Each structure stands twice: as structure tokens, then as C-alpha cells.
Amino acid sequence: METPQAVVKKPLITKDMLVSSIVSNYPTTVSIMLAYGLHCFDCGASEVETLEQGTLGHGMSEDDLEMILNDLNEEAEKEEKEEKKWKRKLEKKSKKTKN
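Here, residues in each chain are numbered from 1, in the same order as that chain's written sequence. Only residues with pLDDT of at least 70 get local features here, since the model is predicted, and only at 80 or more are side-chain atom pairs given and counted; chain-wide, interface and lining totals rely on the full set of residues. Neither water nor hydrogens contribute to the side-chain values; these are computed over all heavy atoms in the structure.

(A) Quick look at the pattern of salt bridges. Should a side-chain nitrogen of Lys or Arg be within 4 Å of a carboxyl oxygen of Asp or Glu, the pair is scored as a salt bridge. Under the definition given, this model contains two salt bridges. Note that glutamate 52 and lysine 15 form a salt bridge whose closest N and O atoms lie 3.7 Å from each other. Taken together, the residues span a long stretch of sequence, with glutamate 52 in helix α3 (residues 51–57) and lysine 15 in the segment before α1 (19–25) at a distance of 37 residues. Exposure remark for glutamate 52: the relative accessible area of 23% places this residue in the partly exposed category. When a residue's accessible area, from a 1.4 Å probe over protein chains only, is under 20% of the maximum for its type it is buried; when over 50% it is exposed; and in between it is partly exposed. On the basis of relative accessibility, which here comes to 34%, the residue lysine 15 falls in the partly exposed class. In this structure, glutamate 82 and lysine 85 form a salt bridge, with 3.3 Å as the shortest nitrogen-oxygen distance. Taken together, the positions of glutamate 82 and lysine 85, both in helix α4 (residues 62–98) and three residues apart, correspond to about one turn of that helix. For the purposes of this entry, the term helix denotes a DSSP run of H or I that reaches at least four residues, the term strand denotes a run of E that reaches at least two, and both are numbered from the N terminus.

Quick look at the structure:
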């Protein structure tokens, strides 16, 4: 009998994403960046600088980058779940008003 394969979840945020893209797609991640002392999202460089460049450029280590990525992805996943929940509620409400 074969054992089921573990589902590998693709991260929503990667180290090679532009800081501006992260904040644009997942606005609630700003608080995570601030907690780590990253103010890149409010800088002109955010349009051309990746998360990796921003963190390492501010003297953070690769380990710091991995911790930040984990926290950012956790927050982004929460944000996506919340958005899906609201979309479902709106769809249900829309169906009720049509009937």
C-alpha cells in the first residue's frame, strides 16, 4: 500500500519578490515588516528591491530573512483566507437578493 504524498504548499511570498509587490498584494504584512525594523515598503527602493536585497542590505542575516519569510507567509495566508470568507458571504448574499 502506498503512503499518501505530503502536499507541499507553495509560499505566497518569496525572497525574490519586490517589496512593493508584497505590500500591494498583502497589505497586512506591513506590520510584520515594521516589527522586524524593515521600513522598505515606504522607500522608493521598494519598487526595484526584492525582500532579500532589502533585508540583507540592512545588515540582516539569511536566518533573519527565513524568519521574516515565515512570518510574512503566515500573515499572507490569513489575509487570503479572510478574503475568501468575505467573497463567499457576498456571493451568498447576492444569490439571496436575486431570488
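(B) The arrangement of a positive patch on the surface in detail. Each patch is built from residues that are more than 30% exposed by relative accessible area and take part in no salt bridge. Like charges join if they lie within 9 Å; nonpolar side chains (Val, Leu, Ile, Met, Phe, Trp, Tyr) join within 5 Å. The accessible surface values rely on the Shrake-Rupley method and a 1.4 Å probe; as for residues, cover is taken only from the protein chains in view. For this count, His and the chain ends are skipped, Lys and Arg are scored as positive, and Asp and Glu as negative. For charged residues, the charge sits on one atom: NZ in Lys, CZ in Arg, CG in Asp, CD in Glu. Positive charge collects at one region of the surface, where Lys81, Lys84, Arg88, Lys89, Lys92, Lys95, Lys96 and Lys98 lie side by side. Along the chain, lysine 92 turns up in helix α4. Judged by its relative accessible area of 58%, lysine 92 is exposed.

(C) Structural detail: the nonpolar core. Core analysis: the largest hydrophobic core is formed by 18 residues, its most contacted members being Ile13, Ile22, Met33, Leu38, Leu51 and Leu72. Within the residue set of this core, elements represented by two or more residues are α1, α2 (30–35) and α4. Counting residues per element, this core draws most heavily on α4, which supplies five residues. In this structure, leucine 38 is in contact with Met33, Leu51, Gly54, Thr55, His58, Met60 and Ile68, ignoring residues within four places of it in sequence. The nonpolar core is taken to be a set of buried Ala, Val, Leu, Ile, Met, Phe, Trp, Tyr and Cys residues, with the residues joined through side-chain atoms within 4.5 Å. Contacts are residue-level and defined by heavy atoms, with any inter-residue pair within 4.5 Å sufficient.

(D) The side chain of glutamate 75, seen in detail. Summarising the element assignment, glutamate 75 is placed in helix α4. Although buried, glutamate 75 forms no salt bridge, and the nearest oppositely charged side chain, lysine 78, lies 4.3 Å from it.

(E) Molecular detail of α4. Helix length check: α4 (37 residues) gives 53 Å between terminal C-alpha atoms against 54 Å at 1.5 Å per residue, within 8%. Turning to α4, its buried residues number three or more, namely Leu65, Ile68, Leu69, Leu72, Asn73, Glu75, Ala76 and Glu79. The definition of a polar contact used here is a pair of N or O atoms within 3.5 Å, where within protein one atom must be able to donate a hydrogen and the other to accept one, and adjacent residues in sequence count solely through side-chain atom pairs. A side-chain oxygen of the first residue of α4 lies 3.3 Å from the backbone nitrogen of aspartate 63; this N-cap is serine 61. By this rule, a helix spans an expected 1.5 Å times one less than how many residues it contains.

(F) Broad picture of the side chain of threonine 29. Looking at the secondary structure, you find threonine 29 in the loop between α1 and α2. For threonine 29, a relative accessible area of 0% puts it in the buried group. Engagement of the side chain of threonine 29 in a polar contact is seen with the backbone oxygen of tyrosine 26, the distance being 2.6 Å.

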